[in-house]
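# Observations on the three-dimensional arrangement
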Amino acid sequence: VVGCWLLDMKLVCTLLGSGCSTGVPSLSCLLQGASSKTKEPCEVCVDAAEHPASKNKRGNPSLIIQFKKSELKRADKGVVDSDSDSDEIVNEEDDLVNVMIDCGKTFREAVLRIFPKIGAKTIQGVLLTHDHADAILGIDDLRSVQKIVSFVDKSGERQNHTTDPIQLYLSDETYDRIRGTFHYLIPKEDRPETVEVKQPKRFVSSIEWNVIANCRETRASVLDPVFYACGLEVQPLRLLHGGDYIALGFVFGPDSGKCAYLSDVKTIPEIVMEYLLTLKIEVLVIDCLYLKENHSTHMSIRETLDLIRILKPSRSIFVGMTHEFNYYKFDEVQARFMTKEGDDELNIELGFDGLSFTIGDDAVCDVETSRLCVE
């Protein structure tokens with residue numbers, strides 16, 4: 001039955017954003033022109049601005065991973081996660097787990113555009129790659145995608161209460177940097193001393209913060225242990241996002257075909273590359289900022305293609321693209337850059353907001369909606 005999972009645990013992944021930090025259309029391009037030589041915006045930004053459904057319209061890089069509690073197993077240990085007790089599952093909506101990677105500036109728009117199509121109403125977990133604006137500035141809006149119970153207090157005022165905290169996974173460095181920005185979401189004992197903690201009562205996200213990589217101690221020289229994001233086994237990867245700044249990547253899925261999510265990377269440390277080369281990568285979601293030039297903190301197309309040639313994933317999906325990439329003319333890009341021997345065997349595509357793919361053998365998924373259901 002199209003739209004249903006059939007065997008064991010399957011993961012349905014949907015891009016919530018596929019563009020660079022500024023998104024596409026570019027405001028500067030629309031307002032000031034594509035370059036100093038012209039006052040006219042480029043065709044990609046015009047298309048994205050005039051057609052809301054265009055695949056050139058791109059938000060900040062983000063992915064949502066969906067799976068069922070009833071099928072959740074730590075396969076190699078045979079342990080069912082405590083949050084996944086099938087006896088507690090009372091309906092299809094409660095059976096669905098939604099875990100996101102990053103929650104940036106365009107998160108709210110992504111929820112409005114994509115959540116209804118994939119049947120997502122709440123978020124149970126968030127993995128953060130780093131602390132830049134395009135990865136964290138939507139965190140305040142997480143309160144709108146938590147399960148909420150409303151009640152009227154003794155004074156007659158309506159109050160909202162969250163039933164369960166969202167599990168948020170991040171490095172120690174990202175946690176340190178985020179404490180000042182979202183101090184009202186941080187436990188009191190971890191708040192910066194300069195922050196005034198006495199505030200009027202208000203409804204905010206309920207978040208449990210989980211540090212899964214201690215980067216201050218060892219920087220980029222180790223492979224961190226796996227962790228479980230709402231029961232899903234995830235391998236964090238330390239990537240260099242310019243200089244010695246660490247952004248995390250993530251690997252998840254069965255051994256028969258992994259998904260590697262590397263959205264913000266300039267250089268891959270040797271130990272991480274060695275690990276990636278041991279995997280059978282079904283889908284590689286990979287940073288690709290520019291066509292025409294290099295960048296100090298992101299891979300551009302020549303570097304991205306070189307990495308794909310080494311890792312040889314079954315499928316590669318570009319994310320983080322600027323307006324230099326026209327989704328509808330990607331064949332021209334392929335003809336220009338994919339000229340080496342064996343390039344015709346590489347399965348490469350431009351990501352777009354709403355693109356879905358399935359990780360897991362024999363999974364069945366309606367790619368247009370990605371909606372999961374019970375047989």
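These notes cover the structure that comes with them. (Residues numbered from 1 in each chain as written. Predicted model: local features only at pLDDT ≥ 70, side-chain atom pairs only at ≥ 80, totals over all residues. Heavy atoms only, no water.)

## As for the sheet that holds strand E2 (residues 62-68)
Read from one edge of the open sheet, seven strands run E8-E7-E4-E3-E2-E1-E16, paired in mixed fashion. In this open sheet, the two strands that pair with only one neighbour each are strand E8 (207-213) and strand E16 (356-359). Across the sheet, the mean angle separating the axes of adjacent strands is 25° when strand polarity is ignored. In terms of strand pairing, E2 meets strand E3 (residues 96-101) through six bridges, oriented antiparallel. Looking across to E3, one finds that Phe-67 is bridged to Val-97. Against the sheet, helix H6 (residues 172-181) contacts strand E7 (166-171) and E8, and its axis sits at roughly 110° relative to E7. (Pairing = 2+ DSSP bridges. Helix = DSSP H or I, 4+ residues; strand = E, 2+ residues; numbered from the N terminus. Axes fitted to C-alpha atoms, helices over the stretch in contact; angles between N-to-C directions. Contact = heavy atoms within 4.5 Å.)

## Observations regarding the state of the cysteines
The final tally for this structure, using the stated rule, is zero disulfides. Of all cysteine sulfurs, the one in Cys-45 lies closest to Cys-20, which takes part in no disulfide; the gap is 8.8 Å. (Disulfide = S-S within 2.5 Å.)

## Some thoughts on the sheet that holds strand E13 (residues 281-287)
Sheets are built from strands that pair by backbone hydrogen bonding, the pairs being arranged parallel or antiparallel. Read across the open sheet, the seven strands follow the order E9-E10-E11-E12-E13-E14-E15; overall the sheet is mixed. Sheet topology places strand E9 (227-229) and strand E15 (348-350) at the edges, where each strand pairs with a single neighbour. The sheet shows a mean angle of 30° between the axes of neighbouring strands, taken without regard to direction. Across five bridges, the pairing between E13 and strand E14 (residues 315-319) is parallel. Bridged to Val-283 within E14 is Arg-315. On top of the sheet, helix H9 (residues 301-311) reaches strand E12 (258-262), E13, E14 and E15; it is set at about 165° to E13, its chief contact.

## Side note on unusual backbone geometry
Here the residue pair Val-24 and Pro-25 is connected by a cis peptide bond, since its omega of 15° sits within 30 degrees of zero. Position of Pro-25 among the secondary structure elements: in the loop between strand E1 (11-17) and helix H1 (27-32). At Cys-230, a position not held by glycine, the phi torsion is positive, near 55°. Relative to the helices and strands, Cys-230 is located in the loop between E9 and strand E10 (232-240). On the accessibility criterion, Cys-230 (11% relative accessible area) is buried. For Lys-312, which is not glycine, the phi dihedral falls at a positive 50°. The topology assignment puts Lys-312 in the loop between H9 and E14. Overall, the relative accessible area of 61% leaves Lys-312 in the exposed class. (Buried < 20%, exposed > 50% of the residue type's maximum accessible area, 1.4 Å probe, protein only.)

## Looking at the packing of aromatic side chains
All chains considered together, the criterion is met by eight aromatic pairs. With a centroid separation of 5.7 Å and an interplanar angle of 45°, the aromatic rings of Tyr-175 and Trp-209 are classed as tilted. Here Tyr-175, found in helix H6, pairs with Trp-209, found in strand E8; they are 34 residues apart in sequence, far enough to count as distant. An angle of 80° between the planes, with centres 5.3 Å apart, marks the rings of Tyr-327 and Tyr-328 as edge-to-face. Given the relative accessible area of 48%, Tyr-328 is considered partly exposed. Ring-pair connections join several aromatic residues into one group, and the members of that group are Tyr-169, Phe-227 and Phe-250. The aromatic ring of Phe-352 is capped on one face by Lys-55, whose charged end is 4.4 Å from the ring centroid. (Phe/Tyr/Trp six-rings, centres within 6.5 Å; stacked < 30°, edge-to-face > 60°. Lys NZ or Arg CZ within 6 Å of the ring centre and 35° of its normal.)

## Overview of the pattern of salt bridges
In total, this model carries 15 salt bridges according to the counting rule given. Residues Arg-113 and Asp-353 are paired through a salt bridge, measuring 3.2 Å at the closest nitrogen-oxygen approach. Here the residue Arg-113 occupies a position in helix H4 (residues 107-118), and Asp-353 occupies one in the loop between E15 and E16, the gap between them amounting to 240 residues. What makes Arg-113 partly exposed here is its relative accessible area of 23%. For Arg-177, the salt bridge identified is with Asp-131, shortest N-O distance 3.4 Å. Pair noted here: Arg-177 is in helix H6 and Asp-131 is in the loop between strand E4 (125-127) and helix H5 (133-136), with a separation of 46 residues, a long-range link. With relative accessibility at 36%, the residue Arg-177 sits in the partly exposed group. Connected through shared salt-bridge partners, Asp-306, Arg-309, Lys-340 and Asp-343 make up one network. (Salt bridge = Lys/Arg side-chain N within 4 Å of Asp/Glu carboxyl O.)

## Considering the nonpolar core
Counting residues in hydrophobic clusters, the biggest one holds 36 residues, and the most contacted among them are Leu-63, Ile-65, Phe-67, Leu-127, Phe-252 and Phe-357. The element contributing the most residues to this core is strand E11 (residues 246-252), with four residues. Those residues in contact with Phe-357 that sit more than four places away from it in its chain are Leu-11, Val-12, Cys-13, Leu-63, Cys-259, Val-283, Val-285, Arg-315 and Ile-317. (Core = buried A, V, L, I, M, F, W, Y, C linked by side-chain atoms within 4.5 Å.)

## Quick look at the environment of Arg-302
As for its placement among the helices and strands, Arg-302 is situated in helix H9. According to the relative accessible area criterion, Arg-302 is exposed, its value standing at 55%. As for Arg-302 and Cys-288, which are separated by 14 residues in sequence, their C-alpha atoms are 8.9 Å apart.

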